[in-house]
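The chain contents come next:
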Amino acid sequence: MTQDELKKAVGWAALDFVEPGTIVGVGTGSTAAHFIDALGTMKGKIEGAVSSSEASTEKLKALGIPVFDLNDIDCLSIYVDGADEINTQMHMIKGGGAALTREKIVAAVAETFICIADASKQVDVLGKFPLPVEVIPMARSYVARQLVRLGGRPEYRQGVVTDNGNIILDVWGLSIVDPLGLEEALNALPGVVTNGLFAARAADIALIGTADGVKIIKR
């Protein structure tokens with residue numbers, strides 16, 4: 001199977017966790033896009049969705065799925081999204097699509113966070129994929145200097161502005177043995193909106209696409 005076929009398999013497998021009559025949290029990226037396609041087959045059975053990005057919102061609306069403002073929702077039963085890396089503790093690096101802040105907010109509201117990914121995203125230690133950090137523009141140089149002190153090599157993601165109007169610094173060269181500690185340290189830096197480590201809010205369930213089918217992992 002190709003990587004895209006594996007992504008499609010997990011996207012559609014996540015449909016089994018969607019309960020009729022609920023509002024579903026929906027993530028961003030190529031794997032989440034397959035889930036949105038699958039969700040389109042239930043558009044008359046679910047109340048609607050909360051989206052973590054403008055791109056996903058447009059796709060949901062194009063399929064006729066109502067999109068709700070998160071401020072109008074008390075809780076979500078599930079949030080389904082992909083990952084750039086996921087370790088055995090269900091900690092993740094996310095944000096390759098620059099939607100990490102909204103993804104973190106929606107994930108925080110959801111009772112169950114379901115990560116959908118192909119097997120290439122599984123790692124023992126996070127960090128080979130560059131860690132995205134969303135930064136208020138005026139703090140870019142300051143934050144970059146602090147990231148160097150933490151042992152990383154920050155790179156400004158040129159030409160990218162987040163849905164929140166901020167910029168992204170991608171941090172290379174990290175071997176993240178303490179994801180929770182690093183997540184907290186980065187978020188404490190003035191000017192950092194958030195970072196792409198999802199350790200404080202790890203995945204509850206991972207659907208991993210393999211050549212032998214979809215593997216279900218629970219935390």
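Criteria and thresholds
- Residues numbered from 1 in each chain as written.
- Predicted model: local features only at pLDDT ≥ 70, side-chain atom pairs only at ≥ 80, totals over all residues.
- Heavy atoms only, no water.
- Phe/Tyr/Trp six-rings, centres within 6.5 Å; stacked < 30°, edge-to-face > 60°.
- Lys NZ or Arg CZ within 6 Å of the ring centre and 35° of its normal.
- Helix = DSSP H or I, 4+ residues; strand = E, 2+ residues; numbered from the N terminus.
- Buried < 20%, exposed > 50% of the residue type's maximum accessible area, 1.4 Å probe, protein only.

Trainee: Even after reading the chapter, I still don't get the packing of aromatic side chains, so can you show me in this structure?
Mentor: Each aromatic ring pair is described using two quantities: the centre-to-centre distance and the angle formed by the ring planes. Enumeration according to the criterion identifies two aromatic pairs in this entry. Of the aromatic side chains, those joined through ring pairs into one cluster are Tyr-79, Phe-113 and Phe-198. For the cation-ring pair, Lys-94 lies above Phe-198, with the distance from its terminal atom to the ring centre recorded as 5.4 Å. One Lys or Arg, Lys-104, reaches over the ring of Phe-198 and ends 5.4 Å from the middle of that ring.

Trainee: In this structure, what is going on with unusual backbone geometry? I would like to understand it.
Mentor: A negative phi angle characterises most non-glycine residues, just as the trans form characterises most peptide bonds. Phi at Met-90 is positive, roughly 70°, even though this residue is not glycine. Mapped onto the elements of the fold, Met-90 is located in the loop between strand 4 (85-86) and strand 5 (92-93). Judged by its relative accessible area of 3%, Met-90 falls in the buried class. Of note in the backbone geometry, Ala-98 takes a positive phi value of approximately 70° without being a glycine. Here Ala-98 lies in the loop between strand 5 and helix 4 (100-109).

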